[in-house]
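Close look at the chain arrangement
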Amino acid sequence: MRAEAWLFTGVAVFFAVTGGIYAALSDDPAGISALMVSLLMSALVAVFMWRQFSRDGRRPEDDGKAEVAGGGDRRFFFPARSYAPVVTAVGAALIGLGVVQGLWLALIGFGVLAPGVFGFVFRPRRADT
């Protein structure tokens, strides 16, 4: 995950620099908004990748001299039930409707979206935990 984390960190820095220069030299709100959203999205992925790297450490895929059998003991766990996808979808839909209807509905959508994202990020990683 370290290489991917550095990649998305570089993308976020690129959008931050480009967005800052564009905001200073232009008064186009659409371009500034697009660059800021790109910055936030790439920064979100970079933070997630750094968190995963700090939690799990190096993978066998990160070592150039690793054997194929090095990753053979890894097992994946899928939780039986989770309300996080439904809550996240409802929150995203409310945010989308809030863009059209009004800020109050978008704020409610962010309030609904936060527990859904929290449920995705902090769900158990293994069957025994």
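To start, this report covers the structure provided alongside it.

Some points on the overall build of the protein chain
When you go through the protein chain residue by residue, the secondary structure sums to four helices and zero strands. Ordered by position from N to C terminus, the α and β elements of the protein chain give α-α-α-α. Buried residues in the protein chain amount to 19% of all 129 residues. When contacts within the protein chain are restricted to residue pairs at least 6 apart in sequence, long-range pairs at least 24 apart make up 58% of them. Here the protein chain displays about 9,500 Å² of accessible surface, and carbon together with sulfur accounts for 70% of that area.

A closer look at the packing of aromatic side chains
According to the stated counting rule, one finds three aromatic pairs in the structure shown. With 5.1 Å between their ring centres and 85° between their planes, Trp6 and Trp50 make a pair best called edge-to-face. Placement of Trp6 in helix α1 (residues 2-25) and of Trp50 in helix α2 (residues 29-56) is noted, with a sequence separation of 44 residues between them. Put simply, the rings of Trp6, Trp50 and Phe53 touch in pairs and so form one group of aromatic residues.

Points about the packing of α1 against α2
Where α1 meets α2, the axes come as close as 8 Å, and the angle between the chain directions of the two elements is 160°. Judged by the inter-axis angle, α1 sits roughly antiparallel to α2. Between α1 and α2 the crossing geometry is left-handed. For the contact of α1 with α2, a count of residues per class yields 18 nonpolar, six polar and two charged.

Notes on the side chain of Ser42
Note on placement: Ser42 falls in helix α2. A residue is classified by how much of its surface remains accessible, and Ser42, at 5% relative accessible area, is buried. From its side chain, Ser42 meets the backbone oxygen of Leu39 in a polar contact 3.1 Å long. Apart from residues lying up to four places away in sequence, Ser42 is in contact with Phe8, Val11, Ala12 and Phe15.

Thresholds, definitions, all that
- Per chain, residue numbering runs from 1 following the sequence as it is written.
- Local features in a predicted model are, by the rule used here, given only for residues with pLDDT of at least 70; side-chain atom pairs are given and counted only at 80 or more, and totals for whole chains, interfaces and linings are based on all residues.
- Excluded from the side-chain calculations are hydrogens and water; all other atoms, namely the structure's heavy atoms, are used.
- A run of H or I in DSSP becomes a helix once it reaches four residues, and a run of E becomes a strand once it reaches two; helices and strands are each numbered from the N terminus.
- Burial classification: accessible surface area is computed with a 1.4 Å probe over protein chains only, and a residue below 20% of its type maximum counts as buried, one above 50% as exposed, and the rest as partly exposed.
- Any two residues whose heavy atoms approach within 4.5 Å are treated as being in contact.
- Exposure was quantified through the Shrake-Rupley algorithm and a 1.4 Å probe, taking into account, for residues, occlusion by the shown protein chains and nothing else.
- The rule is short: rings of Phe, Tyr and Trp, with Trp giving its six-membered ring, pair when the centres are within 6.5 Å, and they are stacked under 30 degrees, edge-to-face over 60, tilted in between.
- Geometry is summarised by axes, namely lines fitted to C-alpha atoms with helices restricted to the contacting stretch, and by angles between N-to-C directions that run from 0 to 180 degrees.
- Here the word oblique covers every angle except those under 35 degrees (roughly parallel), over 145 (roughly antiparallel) and from 65 to 115 (roughly perpendicular).
- Handedness of a helix crossing follows the sense of rotation of the near helix relative to the far helix, less than a right angle counterclockwise being left-handed and clockwise being right-handed.
- In this classification, the charged set is Asp, Glu, Lys and Arg, the nonpolar set is Ala, Val, Leu, Ile, Met, Phe, Trp, Tyr, Cys and Pro, and all remaining amino acids, among them Gly, are polar.
- N or O atoms closer than or at 3.5 Å make up a polar contact, with two conditions inside protein: a donor-capable atom paired with an acceptor-capable one, and, for residues adjacent in sequence, both atoms drawn from side chains.

Geometry only, nothing functional implied.
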